[in-house]
Amino acid sequence: MNYNLLAGLISTIIGIIYTIMSITLPNATIGNPIEPKIFPMLLGVGMTICGIILTIMEGRKKTVTKKTKNDQGLSHDTKLIIYTCIVTLAYALLFEPIGYVLSTIAFMSAMLFALNGKEKWKTNIIVSLSFSIGIYFLFLKLLSIPLPMMPFIQI
Amino acid sequence: MDVILQNLMIGFQTAIEPINLMWVTLGGILGTIIGMLPGLGPATGVAVLLPLTYKMGPTGALITMAGVYYGAMYGGSRSSILINTPGDGAAIAATFDGYPMAMKGRAEAALAISGIASFIGGMISTILMIFSATSVAKFALKFGPAEYFLLMLLALAMTSSMNKGNVIRGFISMFIGLMIAMIGLDPQSGLNRFTFGSLELQSGIDFLTVIIGIYALGEVFKCFRDIREGKKKMQTKFGKIWITKEDWRRSWLPILRSTPLGFLIGALPGAGATIASLMAYNNEKQISKNPEEFGKGDIVGLAAPEAANNAASVGALIPMLTLGIPGSGTTAVLMGALLMLGLQPGPLLFQNNPQIAWGLIASMVVGNIILAFVNIPMAGALVRVLAIPPKVLYPIILGLAFIGTYAISNSVSDLYILIIFGVIGFFMEKVKIPSSPMLLGVIVGNTMEISFRQALVLSDGNWGVFVGSPIAVILVIATVISILLPSLKTFIKKKKTVEA
């Protein structure tokens, strides 16, 4: 699949949706009623134009060079990124319920075990623990920014 | 003139207070470490370390950030020289001759000259900045809303069209940024725009979240690509880090030549340190009596781009501080830091908060001196960080990005926005859409719209106001030229190749 062509198409669609959304914004009750719409509308139109140009440019390219590499499933880095996204989402979900320290230990170990490998489990655990606890106290004591606490023991 | 010196003295007094000296050193060391990581540069450094400054107060925070900014630049060249991996674009030129020097067993001289050239480049251009900043700010005070809008448009257009791939991608990125800036409550009419009925989006998307998402998450995602590469061999034991008299005799003139060049290019929006350092390198190669030595470890080939790099980074601060218009991704991040502290960069900053404006400039001088001390004699100790596998450091960067985002407004919903922007940043890179125009758009979007609307209100809705004064006309012409120039260049090139 040609990602660049897709980028052009997506830009065009975003541009069109944005323009429609700007036009359908309610009128302002203070001052010129259409004033808050003008600038966003210009942005939407500009984006649409750029999107169309990019689509045409990429569309032409495709006919010239049709030899694209055959993708053999997901590459290693794509897998790693999807994994990171899932782990970070879980981190965000757990952030408040189980507190900063626990959720961060879980997040850091999940990342370190995936990146650094299981063989180096000692390093992974030491880094996860010291990072989480270190940052927690740095923020609490030095910067006096409270972070979500663990349930029950309230640290 | 007296006023400038007086303000500068006050700035220095603030900057050399022990606590501030400590902050600038700490910021410098942490910045150096992040800058040394392959792929991560000053923008990421400032973005990730911002949370440290949330409670410091404006002066301390700015001083720390100045340290991080400088430190990351120094750090970038360390990894260029030692492992042939530039920390960011601006450090690419340092690999050309820096790495060959290290291969020849002259790593010490390479590290030293890079520090010395950066120091001189940074110092001279800070002095140039002291003398040009006020006049630019004074001139900008004459601008009405229409001119100010056009100036922002010009800066955005220049940054977008500087994109190497093609201009259209730069503009798409710019539009995305401006569109994001529109999200939230319209301050003038009280209208909710593009919030999709969500309460969280009413206050808009915090630019800091976008910055951290793109520069911390997005950059780390990009680095995953190279993470499988085996560890690179690196020298870890060093002799005395200094240069010989012969080295100095050959380098001083190129350093002095490249500094003003870097400063000027840096002050132009869009160009920045990467182009400045590459230009300085090519310049010296052309002037050199033995250009064939370039690329094989010629000390001049390292000294010149390093001086230009730092000079450009200082020059880039001028439009940001005096006009409130950042010309690059990195300065956009710094401007984000200023805005977070409640300071609006622009001509009025020098009028209303002279102690802050001059304090920042003074702390850059102090930061530069301290960084030179940290980086030249202690380079051997600092570069050990490069021996820590990035596999361990990247999760730490991610962890810092999360805590930094959460601490902006203690809200978990920002964390989801952070992840979304990290992914957006990665995909943009995949389809070759640059990220800096988008960041500029997010940062200046609201001011730009306000100027646009003010201009129209003042002229009773007459659009002629945008070509209503000589300055406005010049700005419009410059914008059109900057948009058309790249396409014109490729057109001429194509014609030439067809004819030939």
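The residue count restarts for each chain, going from 1 along the sequence in the order it is written. Each chain takes a letter, starting from A, and each ligand takes a number, starting from 1, following the order in which they are written. Under the rules for a predicted model, residues below a pLDDT of 70 receive no local features and side-chain atom pairs below 80 are neither given nor counted, while totals for whole chains, interfaces and linings still include all residues. Values reported for side chains reflect all heavy atoms of the structure, with hydrogen atoms and water molecules removed beforehand.

How do you make sense of the domain arrangement of chain A when you look at a structure like this?
Frequently, the measure chosen for interface size is the accessible area that the parts lose on association. Domains assigned within chain A are domain 1 (3-64) and domain 2 (76-142). An automatic or database domain assignment is the source of the domain bounds shown. Using only C-alpha atoms to locate each centre, domain 1 of chain A and domain 2 of chain A end up separated by 39 Å.

Which parts of the structure should I look at to understand the side chain of N124 of chain A?
Helix and strand assignments come from DSSP, with helices taken as H or I runs of at least 4 residues and strands as E runs of at least 2, each series counted from the N terminus. Turning to its location among the elements, N124 of chain A is positioned in helix 5 (residues 121-142). When a residue's accessible area, from a 1.4 Å probe over protein chains only, is under 20% of the maximum for its type it is buried; when over 50% it is exposed; and in between it is partly exposed. With a relative accessible area of 0%, N124 of chain A lands in the buried category.

Explain the interface of chain B and chain A to me, please; I cannot follow it from the model alone.
Here a residue-residue contact requires only that any non-hydrogen atoms of the pair lie within 4.5 Å. Contacts between the two partners involve 58 residues from chain B, matched on the other side by 62 residues from chain A. By convention, the term buried area covers the 1.4 Å-probe accessible surface removed from two parts as they join, with the contributions of both added. When the two sides are added together, the surface that chain B and chain A hide from each other amounts to roughly 5400 Å², 80% of it contributed by carbon and sulfur. Whenever a carboxyl oxygen of Asp or Glu lies within 4 Å of a side-chain nitrogen of Lys or Arg, that contact is scored as a salt bridge. At the boundary of chain B and chain A, one finds two salt bridges. Close ionic contact of R169 of chain B with E58 of chain A constitutes a salt bridge, the shortest N to O distance being 2.7 Å. The term polar contact refers here to a pair of N or O atoms within 3.5 Å; inside protein, the definition further demands a hydrogen-donor-capable atom paired with an acceptor-capable atom, and it admits residues adjacent in sequence only when both atoms are side-chain atoms. For the interface between chain B and chain A, the tally reads five residue pairs in polar contact (both at pLDDT 80 or more). Residue assignment for the side of chain B that touches chain A shows that the elements contributing at least two residues are helix 8 (167-182), strand 2 (192-193), helix 18 (390-409), helix 19 (413-430) and helix 20 (436-458) of chain B. Ranked by the residues each element gives to the side of chain B that touches chain A, the list is headed by helix 18 of chain B, at 12 residues. By the convention adopted, Pro, Cys, Tyr, Trp, Phe, Met, Ile, Leu, Val and Ala count as nonpolar, Lys, Arg, Asp and Glu as charged, and the other residues, Gly among them, as polar. Of the residues assigned to the side of chain B that touches chain A, the class counts are 40 nonpolar, seven polar and 11 charged.

Teacher, can you tell me more about the packing of aromatic side chains here?
What describes a pair of aromatic rings is the distance from one ring centre to the other and the angle between the planes of the rings. A pair of aromatic rings is counted whenever rings of Phe, Tyr or Trp (Trp by its six-membered ring) have centres within 6.5 Å, and the orientation is called stacked for planes under 30 degrees apart, edge-to-face for over 60 and tilted otherwise. In total, this model carries 23 aromatic pairs over all chains according to the counting rule given. Consider the rings of F95 of chain A and Y406 of chain B, whose centres lie 4.6 Å apart with planes at 55 degrees: the pair is tilted. Here the residue F95 of chain A occupies a position in helix 3 (residues 76-95), and Y406 of chain B occupies one in helix 18, the pair thus bridging two chains.

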